[in-house]
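Chains, contacts and geometry: an overview
Given next are the chains, with one letter for each unit.
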Amino acid sequence: MDRALLDALFRHAVAMAQPALAVRANLPSPPRGRTLVIGAGKASAQMARAFELAWQGPLTGLVVTRYGYAEPCDRIEIVEASHPVPDEAGFLAARRIMEAVSGLSHDDLVVALISGGGSALLPAPAPGLTLDDEQAVNRALLASGAPIAVMNLIRNQFSTIKGGRLALRASPARVATLVVSDVPGDDPAIVASGPTIPIAGTRELARKYANLYRLGLPPAAQALFEGDEHPAPQADDPRLAENSVRIIASAALSLEAAAELARGQGIEAAILSDAIEGESRDVAQVHAAIAREIAQRNRPFSKPVVLLSGGETTVTLRGNGRGGRNAEFLLAFAIAIDGVAGITAVAADTDGIDGSEDNAGAFCDGTTATRLRKAGIDPLAALANNDAYSAFAAIGDLLVTGPTGTNVNDFRAILIR
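Residues numbered from 1 in each chain as written. Predicted model: local features only at pLDDT ≥ 70, side-chain atom pairs only at ≥ 80, totals over all residues. Heavy atoms only, no water.

A closer look at the nonpolar core
In terms of nonpolar packing, the biggest core is built from 53 residues, with I38, V101, V110, I154 and F158 touching the most fellow members. Broken down by element, this core gets its largest block of residues, five residues, from helix α7 (residues 148-156). In terms of nonpolar packing, the next biggest core, distinct from the first, is built from 37 residues, A288, F329, L330 and A345 among them. (Core = buried A, V, L, I, M, F, W, Y, C linked by side-chain atoms within 4.5 Å. Buried < 20%, exposed > 50% of the residue type's maximum accessible area, 1.4 Å probe, protein only. Helix = DSSP H or I, 4+ residues; strand = E, 2+ residues; numbered from the N terminus.)

Given below as structure tokens:
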């Protein structure tokens, strides 16, 4: 019964972030000239479908999404590519998008449909770099444990499309960007590395972060990194002055919707934050400490209560197991609440895919660690090997939804009775 409630909260949060609802309410004003739709991300195809159904005038476009995430469109071409590591299909799609926005006039409108995952889906190596170089940079970042804002600032240095460079290419056309945010704090410049929005931060700062997280960059990328060539546009660039940006769906809105649903079921809800970052296993320890305090001492919230949080944690790879950041969070959480009655939790990615596996996330409770041991799995060893997926699969506790059509980052709900 408790798992059913948590599952309902997750699905309601996802439903409230669906592009079909959000896009129609945020249409830009029509132009005197052409309307060109471009986009990238895990929710971009669904955003494209919603946009062409809502738009009254003529339009053309090209949008790239992750393999398996396509949505049939009549006027906007949908291309699939690889995520989280870029591939040749994404490289070709990025080049076509850059060509499509070239040569536009002041009377034209570019609508950019941007959602999480767009960084990997629009590989466009900077001069002197190859796709292999960009792939190597991406792999290094994914294994580093760096937060998403740091990763995107560094990615920005090696691209001809990220950090507002696509919008600069489209100038003097007006660019209206609609964003489904998957980043803590909802900074639109960070979502998909901001192809139409300049990102805050200098190359010098990016170099400091690369050293801090001990990134091993390929030689060509390192050489570019050490120089000042190929700078990104700044936020005050006059060529971008008429552009607009709207966040149309976010973790904050989805968490609020889930909280209202819980209260409708007679359970108080507390939103801890929609912008939690940090190492997954460390964030789990904090959540578990709060949950135990409530379960054992009825503070700082009274039972029954559901704790909600969002954001994007990270995983520093230490082993060679299977599992995304939500499964890793939940395995560490299960270890920390081992034997404590009355606590049930779900952690899942709102796009339906936790990392690179086929699950959105998983469930756990105070019996999870015991059940894992009975199944022959040492929970601590599984966590040390980053093998949370295999652990939850062995006891049937994975949450599998398939692609959801949206992406507002991670969703965590912890029910304490």
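Quick word on the layout of surface pockets
Volume-wise, the largest pocket comes out at about 810 Å³. Considering the residues around the largest pocket, the lining is formed by 42 residues, among which P84, L142, R325, G355 and S356 are closest to the centre. Sorting elements by how many residues they give to the lining of the largest pocket places α7 first, with four residues. Partitioned by chemical class, the residues of the lining of the largest pocket number 14 nonpolar, 20 polar and eight charged. Two domains share the lining of the largest pocket, each providing at least three of its residues, namely domain 1 (18-249) and domain 2 (252-416). Of the voids in this model, the second largest pocket is the one considered here, and its volume is about 170 Å³. N156, Q157, R165, I199, G201, T202, R203, D228, H230, P231, A232 and Q234 are the residues that line the second largest pocket. Split into classes, the residues belonging to the lining of the second largest pocket amount to three nonpolar, six polar and three charged. (1 Å grid on protein atoms, 1.4 Å probe; cavity = no way out; pocket = protein on both sides within 12 Å on 5 of 7 lines; lining within 4 Å. Points joined across faces, edges and corners; volume = space filled by probe spheres on them. Nonpolar A, V, L, I, M, F, W, Y, C, P; charged D, E, K, R; others polar. Domains from an automatic or database assignment.)

Observations concerning the domain arrangement of the chain
Domain annotation of the chain identifies domain 1 (18-249) and domain 2 (252-416). Inter-centroid distance (C-alpha atoms) of domain 1 to domain 2 is 30 Å. With 26 residues of domain 1 in contact, the opposing surface of domain 2 contributes 22 residues. Sorting the residues of domain 1 by area buried against domain 2 places Y69, D182 and P184 first, and these three jointly supply 28% of that buried surface. Linking domain 1 to domain 2 there are one salt bridge. A salt bridge links K42 to D351; its shortest N-O distance comes to 2.6 Å. (Contact = heavy atoms within 4.5 Å. Buried area = accessible area lost by both parts, 1.4 Å probe. Salt bridge = Lys/Arg side-chain N within 4 Å of Asp/Glu carboxyl O.)

Some thoughts on the UniProt feature "domain: MOFRL" (unreviewed entry) in the chain
Taking the numbering used here, the UniProt-annotated feature "domain: MOFRL" (unreviewed entry) corresponds to residues 305-410. Secondary structure across residues 305-410 comprises 30% helix and 24% strand; the distance between its end C-alpha atoms is 20 Å. (UniProt positions renumbered as here; feature names shortened; annotations may be inferred.)

As for the side chain of T404
The topology assignment puts T404 in the loop between β11 (398-399) and β12 (410-416). With a relative accessible area of 18%, T404 lands in the buried category.

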